[in-house]
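# Architecture at a glance
Each chain, letter by letter, is given below.
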There are 2 protein chains.
Amino acid sequence: MKNQKKYLLDENEIPRAWFNIQAIMPNKPLPFLHPATRQELKPEDLFPIFCEECSKQELNQTDEWIPIPEEVVRQYAAYRCTPLVRAYDFEKALGTPARIYFKNESVSPAGSHKLNSALAQAYYAKEQGITNLTTETGAGQWGGALSYAAKKFGIECAVYMVKASYNQKPYRRSIMQTFGATITPSPSMSTRAGKDMITADPNDQGSLGGAISEAIELALTTDNCKYSLGSVLNHVCLHQTVIGLEAEKQMALAEDYPDIVIACFGGGSNFCGIALPFMRHKIQKGEKTRFIAAEPASCPKLTRGEFKYDFGDESGLTPLLPMYTLGHTFKPATIHAGGLRYHGAGVVLSQLMKDGYMEAVDIEQNESFKAGVLFARTEGIIPAPESCHAIAATVHEALKCKETGESKTILFNLSGHGFVDMSAYDQYLAGELQDFRLSDEELAKFMASANALNE
Amino acid sequence: MKNQKKYLLDENEIPRAWFNIQAIMPNKPLPFLHPATRQELKPEDLFPIFCEECSKQELNQTDEWIPIPEEVVRQYAAYRCTPLVRAYDFEKALGTPARIYFKNESVSPAGSHKLNSALAQAYYAKEQGITNLTTETGAGQWGGALSYAAKKFGIECAVYMVKASYNQKPYRRSIMQTFGATITPSPSMSTRAGKDMITADPNDQGSLGGAISEAIELALTTDNCKYSLGSVLNHVCLHQTVIGLEAEKQMALAEDYPDIVIACFGGGSNFCGIALPFMRHKIQKGEKTRFIAAEPASCPKLTRGEFKYDFGDESGLTPLLPMYTLGHTFKPATIHAGGLRYHGAGVVLSQLMKDGYMEAVDIEQNESFKAGVLFARTEGIIPAPESCHAIAATVHEALKCKETGESKTILFNLSGHGFVDMSAYDQYLAGELQDFRLSDEELAKFMASANALNE
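Residues numbered from 1 in each chain as written. Chains lettered and ligands numbered in written order. Predicted model: local features only at pLDDT ≥ 70, side-chain atom pairs only at ≥ 80, totals over all residues. Heavy atoms only, no water.

### Quick word on the overall build of chain A
We apply this condition: Runs of E in the DSSP output that reach at least two residues are strands. Runs of H or I that reach at least four are helices, and both are numbered from the N terminus. Atoms counted for the radius of gyration: C-alpha only. Globule rule: 2.2 Å times residue count to the power 0.38. Each residue's exposure class comes from its accessible area (1.4 Å probe, protein chains only) as a fraction of the maximum for that residue type: buried when under 20%, exposed when over 50%, partly exposed otherwise. Two residues qualify as a contact provided that any one of their heavy atoms is within 4.5 Å of a heavy atom in the partner residue.
For chain A, the count of helices and strands is 17 helices and 15 strands. By the compact-globule yardstick of 23 Å for 455 residues, chain A fits well, its C-alpha radius of gyration being 20 Å. With the principal axes as the frame, chain A shows a C-alpha extent of 55 × 50 × 45 Å. Buried positions account for 67% of the 455 residues belonging to chain A. The contacts of chain A with a sequence gap of at least 6 include a subset with a gap of at least 24, amounting to 77%.

This is the structure we're talking about:
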């Protein structure tokens, strides 16, 4: 084992192909279904909403490796390869014999891993002659990433930002505007879907599902405009595999290999990014690595949701997706980890979860910030509230090692920094942060919306 | 010439010694003077305020290389070596034949170059058995850096933050608190100096000079407590030379050498950091490199100030320093580049300026943000308002190359990111940002305070 602090890779080591786990899954994901006909979806059914290339990638169950376009690699080089870092001082503060590594995706221009897919999606849009992209954003990480990526490829970008985050995180809005995008708080009066939500509840603070409905509606009703999603879908998870592919090489430089891989879980793209390249060795070579998704106790789709067909958005504009869900009408508590406030889990991940290749834990909001502050004070990076969940799950495992005396190797993905989430840290440090745990009654109420679709 | 995007160096390449230009200056800096006796200062005269090791480094005119303690190198490894980046897309947007490189210091835990000295100062304090450090901060970059460094070495940290910045940049305060420091807006009622300022002007929005007075007073009146400064002084500039020493190796990797080196200028530490290692080749080998300091038009100490003995702080608690100054009673306009709102230039830099080794330009606030937004949209990093001044000066030179057709090599220091300065970008994008140019009348009024000391 090496004892460096950071393992760097030159831009020449940026992966030239994304890893498509669909090609090697023992049980392929169930088909996407057309909501009206319940027929199996073909890529061309997605063309009205998404770029053609992304639509094809979405349903590609045969090609294990999908080449990354040269121009995307060139744009990746602004920040990739990202460092793999050994968290020596964090280990020491925990008093654990575990070796903790993190992949630092916070160094990207937009401050998170989200840019890995945004650049790919903006590139394919440009190639197809698209002039406008729409999207939704929760905490603003994805919106910031797509705003920047769209600008780089000369495309206009319109972002629906979940109202709770819009108000909590004004700097995120400013970042998107600095990158040249147009931002609208969701629900808004600019779409039919938004008007319906506001009519139903004038104080609706928004959700990712609702913002997705608005963005899709705008794409469907605007010329030469497509919709772009920042998580959940297979092509997004695919693009994120550059994270794990790099980490694999970097763990080899460290002469180590992860016993446990951890990432926070919203829709699954960050988790897939770090996990899937390592999971292929579990599938193909029987490696014993554990994969742990850390989700908020307020939004526990993997730990307490059910595997069902459900809509990806609140208003039911998407195909029916086979996934772990809390029900598409789910209204998440206004936790600061806006990027985790989503009712469903990605299709590929849901199948892998069902098949026992991974596990999940839920984390309370205060616990996540406690872990984040310790990490900031020891490793110097203030983590995004989402990433704090991964860090808290890492603390769990590191403390188990302390009890048992085992020196396990833990790798987690630091999906983003928290420089524009400081009001959340203020509240935590002042002891004013609330915990939210979804009650059984609420869960049953929301789940009914998914159950109705599966009768 | 190589055509990579980034030039990385492994942590094993972190410099093991700082470069002390005082040892090779053709004209040594004039002595520091005791304000009461006007006698030349010895290191021990600084011991009541500063750590002993820093005091010795301050007046060391003989050792060209000063070893970096092993523990400081270990802490540097969390973020150093920082990347050297070729700004291809920024060049393209400017249509310039110039090759533009930047050293990216924004990747440090505290978000700026400031940590390079903070870690060194906190280490020396710890070694001396000091338990408390005080300091001032303008934009909050230095305060954030010292808060983190102090925490790493188990020292308590109290920060006086210029009131204008405290109100403009609440996230900076939060960052310092997350790192565990105590923050007080300056002027405050907690010191004699602060009370005097508030009595003179209840609406005093503070200045770096005033906050320094408060922090020094607290250090002088508290047991086992020293003061720590983030710029201006020679030992701070010394610690920053790791920037240029790394950049020198990285320019060699790029098979290139700078014709022009540019940095923004507050007290001089960021400028010294990138410039001095290259300037030694100008002094020792006659290299023709130009060195350009970019200062705000509202605070033009190098372009319109005078070389005088003056105090480093507003209340006259520091020794008399031989430097370019606007007068220690200078009240800067409330520009967003809080780190540049200082009346004086570092002693070493002032002598080098006087001797013709460097030049300076002034930049208006709107011009700085215009350059910063273009940089953000092309290179993906939202620069700190201070760094925007360096970028604007780079634009000047790049556009001159466009006119003449020369492919000059320009290197600038990206001293920090602007993620917590987004309200400034909001104002710029809304067209609401004011320009401030210091008038001749104001200049004469402030300068009188320095003139009085030189009679």
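### Some points on the sheet that holds strand β6 (residues 132-137) of chain B
Residues and elements named next belong to chain B. Going by this rule: Two strands qualify as a pair provided DSSP detects at least 2 bridges between them. Here an axis means a line fitted to C-alpha atoms, over the contact stretch when the element is a helix, while the angle between two N-to-C directions is reported on a 0 to 180 degree scale.
One open sheet accounts for four strands, arranged β8-β7-β6-β9; its pairing is parallel. Pairing within the sheet leaves two strands with one partner each, and these edge strands are β8 (182-186) and β9 (225-227). Strand-to-strand twist in this sheet, taken as the mean axis angle between neighbours without regard to direction, amounts to 25°. The pairing of β6 with strand β7 (residues 156-162) spans six bridges and is parallel. In the strand pairing of β7, Glu136 is matched with Tyr160.

### Looking at the interface of chain A and chain B
Short version of the rule: Note on definitions: buried area is the accessible-area loss of two parts on being combined, 1.4 Å probe, summed for both. Any residue outside Ala, Val, Leu, Ile, Met, Phe, Trp, Tyr, Cys, Pro, Asp, Glu, Lys and Arg is labelled polar, Gly included; the first ten of those are nonpolar and the last four are charged.
Each partner contributes residues to the interface: chain A has 46 residues there, and chain B has 47 residues. At the boundary of chain A with chain B, total buried surface from both sides reaches about 3900 Å², with 53% on carbon and sulfur atoms. Where the side of chain A that touches chain B is concerned, the elements lending two or more residues are α3 (70-76), α6 (141-152), α8 (170-178), α14 (365-379) and α16 (422-429) of chain A. Tallying contributions element by element places α8(A) first for the side of chain A that touches chain B, with seven residues. Of the residues in the side of chain A that touches chain B, the class split is 20 nonpolar, twelve polar and 14 charged.

### Some points on the relation of the copies chain A and chain B
Copy one and copy two of the chain differ by a rotation about a common axis and a shift along it. Where we set the bar: Least-squares fitting of one copy onto the other uses the C-alpha atoms of those residues that reach a pLDDT of at least 70 in both copies.
Between chain A and chain B, which share one sequence, the superposing operator has a rotation angle of 180° and an axial displacement of 0.0 Å; the RMSD is 0.0 Å. Both chain copies can therefore be described as sitting about a two-fold axis. Same-surface contact between copies: 100% of interface residues of chain A are shared with the interface of chain B.

### Observations regarding the environment of A:Thr329
All names here are of chain A. Stated precisely, the cut-off is as follows: Here a polar contact is recorded for every N or O atom pair within 3.5 Å, except that within protein the pair must consist of a potential hydrogen donor and a potential acceptor, and residues adjacent in sequence are included only if both atoms are side-chain atoms.
Tracing the sequence through the fold places Thr329 in the loop between β13 (320-325) and α13 (347-354). Exposure remark for Thr329: the relative accessible area of 31% places this residue in the partly exposed category. With 135 residues separating them along the chain, Thr329 and Gly194 place their C-alpha atoms 14 Å apart. Separated by 3.1 Å, the side chains of Thr329 and Ser449 make a polar contact.

### Looking at unusual backbone geometry
The residue after A:Arg80, namely A:Cys81, is reached through a cis peptide bond having omega -5°. Within the fold, A:Cys81 resides in the loop between α3 and β4 (84-86). Of note, the bond from B:Ser186 into B:Pro187 is cis; its omega dihedral lies within 30 degrees of zero at 5°. As for its position among the elements, B:Pro187 is in the loop between β8 and α9 (192-200). Here the phi dihedral of A:Val232 falls at roughly 65°; this positive angle occurs in a residue that is not glycine. Tracing the backbone through its elements, the reader meets A:Val232 in the loop between β9 (225-227) and α11 (234-253). With a relative accessible area of 5%, A:Val232 lands in the buried category. A positive phi is found at B:Arg38, a non-glycine position, where the angle reads about 60°. Relative to the helices and strands, B:Arg38 is located in the loop between β2 (17-19) and α1 (43-46).

### Quick word on helix α17 (residues 440-451) of chain B
Residues and elements named next belong to chain B. What counts is decided by this rule: Expected span of a helix: the number of residues minus one, times 1.5 Å. In this context, the arc is that of the directions from the helix axis out to the C-beta atoms.
For α17, built from twelve residues, the straight-helix expectation of 16 Å at 1.5 Å per residue is met to within 8% by its first-to-last C-alpha distance of 15 Å. Taken together, the buried positions of α17 are occupied by Leu443, Phe446, Met447, Ser449 and Ala450. Buried positions in α17, seen along its axis, are confined to an arc of 140° and lie on one side of it. What points out from α17, more than 90 degrees from its buried face, is the exposed set Glu441 and Lys445.

### Examining empty space enclosed by the protein
If you roll a probe as big as a water molecule over the atoms, it shows you where there is empty space left. As a reminder, the rule being used: Cavities and pockets are found on a 1 Å grid laid over the protein atoms alone: a cavity is a set of points where a 1.4 Å probe fits but cannot escape, a pocket is an open set with protein on both sides within 12 Å along at least five of seven lines, and a lining residue has an atom within 4 Å of such a point. Grid points are joined across faces, edges and corners, and a volume is the space filled by probe spheres set on the points. Where each domain begins and ends follows an automated or database-derived domain assignment.
Per the counting criterion, the structure on display carries ten cavities of 30 Å³ or more. Roughly 700 Å³ of internal volume is contained in the largest cavity. Looking at the largest cavity, it is lined by 41 residues, and the ones nearest its centre are A:Asn104, A:Ser106, A:Val107, B:Asn104 and B:Val107. Elements with a minimum of two residues in the lining of the largest cavity: β5 (99-104) of chain A together with β5 (99-104) of chain B. Split by residue class, the lining of the largest cavity holds 24 nonpolar, eleven polar and six charged. In this structure, the second largest cavity occupies an estimated 470 Å³ of space. Along its surface, the second largest cavity is lined by 43 residues, and A:Lys114, A:Gly230, A:Ser231, A:Gly267 and A:Gly339 are the ones closest to its centre. Of all the secondary-structure elements, those providing two or more residues to the lining of the second largest cavity are β6 (132-137), α6, α10 (208-220), α12 (269-285) and α15 (385-404) of chain A. Split by domain, the residues of the lining of the second largest cavity number at least three in each of domain 1 (47-65 + 113-234) and domain 2 (80-111 + 241-453) of chain A.

### So, the pairing of β7(B)
Residues and elements named next belong to chain B. Using the following cut-off: By definition, the crossover connecting two strands over a helix is right-handed if that path, from the first strand to the second, turns clockwise as seen with the strands pointing away from the viewer.
The buried fraction of β7 amounts to five of the seven residues, a majority that puts the element mostly inside the structure. Taken together, β6, helix α6 (residues 141-152) and β7 constitute a β-α-β crossover, and its handedness is right-handed. Pairing between β7 and β8: five bridges, direction parallel. Bridging across to β8, Tyr160 finds its partner in Thr184.

### A short note on the domain arrangement of chain A
All names here are of chain A. Threshold: What counts as a salt bridge is simple: a side-chain nitrogen of Lys or Arg found within 4 Å of a carboxyl oxygen of Asp or Glu.
Splitting chain A by domain gives domain 1 (47-65 + 113-234) and domain 2 (80-111 + 241-453). Relative placement of domain 1 and domain 2: their C-alpha centres are 22 Å apart. The partner domain 2 presents 43 residues to the 40 residues of domain 1 that form the contact. Where domain 1 abuts domain 2, roughly 3000 Å² becomes buried across the two surfaces, and 56% of that area is made up of carbon and sulfur atoms. Linking domain 1 with domain 2 are three salt bridges, by the criterion used here. The shortest N-O distance in the salt bridge between Asp421 and Arg172 comes to 3.1 Å. Counting the contacts that link domain 1 with domain 2 gives 15 residue pairs in polar contact (both at pLDDT 80 or more). Counting residues per element, the ones that place at least two in the side of domain 1 that touches domain 2 are α5 (115-127), α6, α7 (163-168), α8, α9 (192-200) and α10. Per-element accounting of the side of domain 1 that touches domain 2 gives the leading share, seven residues, to α10.

### Observations regarding the sheet that holds strand β7 (residues 156-162) of chain A
Residue and element names in this part refer to chain A. Read across the sheet, four strands follow the order β8-β7-β6-β9 without closing on themselves; strand pairing throughout is parallel. Two strands bound the open sheet, and with one partner strand each, they are β8 (182-186) and β9. Taken over all neighbouring pairs, the strand axes of this sheet differ in orientation by 25° on average, direction set aside. Running over the sheet, α6 touches β6 and β7 and is turned about 165° from β6. Set on the sheet, α10 makes contact with β6, β7, β8 and β9; between it and β6 the angle comes to about 170°.

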